[in-house]
Amino acid sequence: MIAIFRVTFFLSIILIFYLSLLPASKLSYFSALSFVGDKISHSIIFFYISILGMLCNLKIRNMYLLFLIFLFGLLIEIIHYFHPNRYFEFEDLLANLLGIILARIIYFLLKKS
């Protein structure tokens, strides 16, 4: 089961990175979202990869893994700063961080029970 989580985790990271490089106009569903809807989608995506990453039982501590996931989001935003069809949004980083924090809390509560 862990192997499935790991494959899904790394494929998800690749897909998220690929989609983040596309012009926003190519992602009609996401470009139609409101400001709040966009931030909710960021939180959900980073919640998903955070939970999935922790379920992978990688040989690193979960807090370090979550920090690397946050850095992944930061890398995407830095690329957006230089991308001609995208732009850097500090609010995206905050939404990513919210998803990561919620994932950590829920994972901790589930492991505890």
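The structure we're discussing is the one just above.
Residues numbered from 1 in each chain as written. Predicted model: local features only at pLDDT ≥ 70, side-chain atom pairs only at ≥ 80, totals over all residues. Heavy atoms only, no water.

Caption draft 1: The overall build of the protein chain, seen in detail. Secondary structure summary: the protein chain contains five helices and zero strands in total. Across the protein chain, helices and strands are ordered from the amino to the carboxyl terminus as α-α-α-α-α. Rg of the C-alpha trace for the protein chain: 14 Å, near the compact-globule value of 13 Å for 113 residues, within the 12% margin. Taking the principal axes of its C-alpha atoms as reference, the protein chain extends roughly 45 × 25 × 20 Å. (Helix = DSSP H or I, 4+ residues; strand = E, 2+ residues; numbered from the N terminus. Rg over C-alpha atoms; globule rule 2.2 N^0.38 Å.)

Caption draft 2: Representation of the pattern of salt bridges. Applying the stated criterion to the full structure yields three salt bridges. Note that Asp38 and Lys39 form a salt bridge whose closest N and O atoms lie 2.6 Å from each other. Neither residue differs from the other here; Asp38 and Lys39 are each classed as buried. Where Glu89 meets Lys39, a salt bridge forms, and the shortest distance between an N and an O atom there is 3.0 Å. (Salt bridge = Lys/Arg side-chain N within 4 Å of Asp/Glu carboxyl O. Buried < 20%, exposed > 50% of the residue type's maximum accessible area, 1.4 Å probe, protein only.)

Caption draft 3: Here's a closer look at the nonpolar core. Residues Phe9, Phe46, Ile49, Met54, Ile69 and Phe72 are the most contacted members of the largest nonpolar core, which totals 17 residues. Of all the elements in the fold, those that place two or more residues in this core are α1 (2–21), α3 (35–55), α4 (62–82) and α5 (90–112). Residues in contact with Phe9, not counting those within four places in the same chain, are Ile49, Leu52, Gly53, Cys56, Leu58, Leu65 and Ile69. (Core = buried A, V, L, I, M, F, W, Y, C linked by side-chain atoms within 4.5 Å. Contact = heavy atoms within 4.5 Å.)

Caption draft 4: Molecular detail of the packing of aromatic side chains. Under the defined criterion, the tally for this structure stands at four aromatic pairs. Measuring from ring centre to ring centre gives 6.4 Å for Phe46 and Phe72, while their planes differ by 40°; the resulting arrangement is tilted. Of this pair, Phe46 sits in helix α3 while Phe72 sits in helix α4, placing them 26 residues apart in sequence. Cluster of aromatic residues (ring-pair linked, three or more members): Phe17, Phe46 and Phe72. (Phe/Tyr/Trp six-rings, centres within 6.5 Å; stacked < 30°, edge-to-face > 60°.)

Caption draft 5: Up close: α1. An ideal rise of 1.5 Å per residue puts 28 Å on 20 residues; α1 measures up with 29 Å between its terminal C-alpha atoms. The complete set of buried residues in α1 reads Phe9, Ser12, Ile13, Ile16 and Ser20. Angularly, the buried residues of α1 cover 100° about the axis, an arc narrow enough to put them on a single face. Structural note: α1 exposes Ala3, Ile4, Leu11 and Ile14 on the side pointing more than 90 degrees away from its buried face. Elements that come into contact with the buried residues of α1 comprise α3 and α4. (Expected span 1.5 Å × (residues − 1). Arc of directions from axis to C-beta.)

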